[in-house]
Amino acid sequence: MIDLHYWPTPNGWKISIMLEECGLPYRLIPVNIGRGEQFQPDFLAISPNNRIPAIVDRQPSDGGAPLSVFETGAILVYLGDKTGKFFPAGLRARKAVMEWLMWQMGGLGPMAGQNGHFKLYAPEKIPYALDRYGREVLRLYGVLDRRLELAGDYLAGDYSIADIASFAWVRIHKAQQIDLNRFPSLHRWYTQILRRDAVQRGLALGKELRLSQLDDQARKTLFGPGQR
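To keep things clear, this report deals only with the structure shown in the data block.

Parameters at a glance
Residues numbered from 1 in each chain as written. Predicted model: local features only at pLDDT ≥ 70, side-chain atom pairs only at ≥ 80, totals over all residues. Heavy atoms only, no water. Helix = DSSP H or I, 4+ residues; strand = E, 2+ residues; numbered from the N terminus. Rg over C-alpha atoms; globule rule 2.2 N^0.38 Å. Contact = heavy atoms within 4.5 Å. Areas by Shrake-Rupley, 256 points an atom, 1.4 Å probe, with all protein chains shown as cover. Buried < 20%, exposed > 50% of the residue type's maximum accessible area, 1.4 Å probe, protein only. Core = buried A, V, L, I, M, F, W, Y, C linked by side-chain atoms within 4.5 Å. Polar contact = N/O pair within 3.5 Å; in protein donor to acceptor, adjacent residues only side chain to side chain. Pairing = 2+ DSSP bridges. Axes fitted to C-alpha atoms, helices over the stretch in contact; angles between N-to-C directions. Parallel < 35°, antiparallel > 145°, perpendicular 65-115°, else oblique. Left-handed = near helix turned anticlockwise from the far one by under 90°.

Here we look at the overall build of the protein
Inference 1: A count of helical and extended segments in the protein gives 9 helices and 4 strands.
Inference 2: Secondary structure elements of the protein, listed N to C terminal, follow the sequence β-α-β-α-β-β-α-α-α-α-α-α-α.
Inference 3: Computed over C-alpha atoms, the radius of gyration of the protein comes to 18 Å, within 12% of the 17 Å expected from 2.2 N^0.38 for 228 residues, which places it in the range of a compact globule.
Inference 4: When its C-alpha atoms are laid out on the principal axes, the protein stretches across 55 × 45 × 25 Å.
Inference 5: For the protein, long-range pairs separated by at least 24 residues make up 67% of all intrachain contacts whose partners lie at least 6 apart in sequence.
Inference 6: Entry remark: accessible area of the protein is about 11600 Å², with carbon and sulfur atoms responsible for 52%.

Written as structure tokens, this is what we have:
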């Protein structure tokens, strides 16, 4: 059994999708990031950077005590190794998956996050920030599009944790006012992944928890000075 400490965000979706794809039993433990639950001592004990998601594997493969894992890239690798699914064992295939997973972790996720913040949540519109992050996200979408044009159906051979990681962030393209028709290979890839049953279940997890709009308390908790 896996404990999934979660809130329905792109990073949360990465892990809910992976758990559904792997068919692993898991228990949902909501962490309301708009109410500061990510700062509670029990959560910080398993995720010291106070970021969701995190997991606790109650039955790790070594037979030892429950094992916690934080950071989505680490969790995806851990679950891939645990199940032997969506993370190849061969040197070259594994290398390619790791490259594109790290590309998402270091590029697409952070830049799309900043773009979304300044476009959707910032209390004032700052032209420099809107232009800087907007152009960078479009550049990264272009990188994905060119890769998929060359690679075919998926980013690194077969469907893998690299695809799951990037898909979760491309999922918010409409909110960020990005037209996928500008990126035909990316659009094809996105559409075929979205059709997967496990992906639909992962996206639906905790959907009722998500606020349509952030209230003042959530804004202060998420974006306020110091964030505790």
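Notes on the environment of G113
Inference 1: With respect to the helices and strands, G113 occurs in helix α4 (residues 91-121).
Inference 2: On the basis of relative accessibility, which here comes to 27%, the residue G113 falls in the partly exposed class.
Inference 3: In the structure, G113 is positioned 66 residues away from D179 in sequence and 17 Å away in space, judged by C-alpha atoms.

Digging into the nonpolar core
Inference 1: I55, L79, Y141, I161, V170, L186 and W189 are the most contacted members of the largest nonpolar core, which totals 57 residues.
Inference 2: Elements with a minimum of two residues in this core: β1 (2-6), α1 (10-22), α3 (72-83), α4, α5 (127-151), α6 (161-170), α7 (184-194) and α8 (197-204).
Inference 3: Grouped together as the second largest cluster of nonpolar side chains are 8 residues, W7, V31, I52 and V56 included.

Some words on the environment of A93
Inference 1: Relative to the helices and strands, A93 is located in helix α4.
Inference 2: A residue is classified by how much of its surface remains accessible, and A93, at 34% relative accessible area, is partly exposed.
Inference 3: Along the backbone, A93 and P53 are 40 residues apart, and their C-alpha atoms lie at a distance of 27 Å.

A closer look at the side chain of E21
Inference 1: Counting through the fold element by element, E21 comes out in helix α1.
Inference 2: Classification of E21 as buried rests on a relative accessible area of 12%.
Inference 3: In this structure the side chain of E21 is engaged in a polar contact, spanning 2.8 Å, whose partner is the side chain of Y159.
Inference 4: There is a polar contact of 2.7 Å between the side chain of E21 and the side chain of R196.
Inference 5: Non-local contacts of E21, meaning those with residues more than four positions away in its chain, are made with F86, Y159, I164, R196, A198 and V199.

Brief notes about the sheet that holds β1
Inference 1: Here we have 4 strands laid out as an open sheet, ordered β2-β1-β3-β4, and mixed in their pairing. The outermost strands of the open sheet, each flanked by one partner alone, are β2 (26-30) and β4 (67-70). Averaged over neighbouring strand pairs, the angle between their axes works out to 20° when direction is ignored.
Inference 2: As paired strands, β1 and strand β3 (residues 54-57) are joined by 4 bridges and run antiparallel to one another. Residue pairing across strands places L4 opposite I55, the latter belonging to β3.
Inference 3: Its contacts with the sheet place α1 against β1, β2 and β3, and it is angled at close to 155° to β1.

Quick notes on the packing of α3 against α4
Inference 1: The interhelical angle for the contact between α3 and α4, taken along N-to-C directions, is 155°, at an axis separation of 10 Å. With respect to α4, the element α3 is oriented roughly antiparallel. Our pair here, α3 against α4, has a crossing hand that is right-handed. Contacts from T72, G73, L76, V77 and D81 in α3 reach R94, M98, L101 and M105 in α4.

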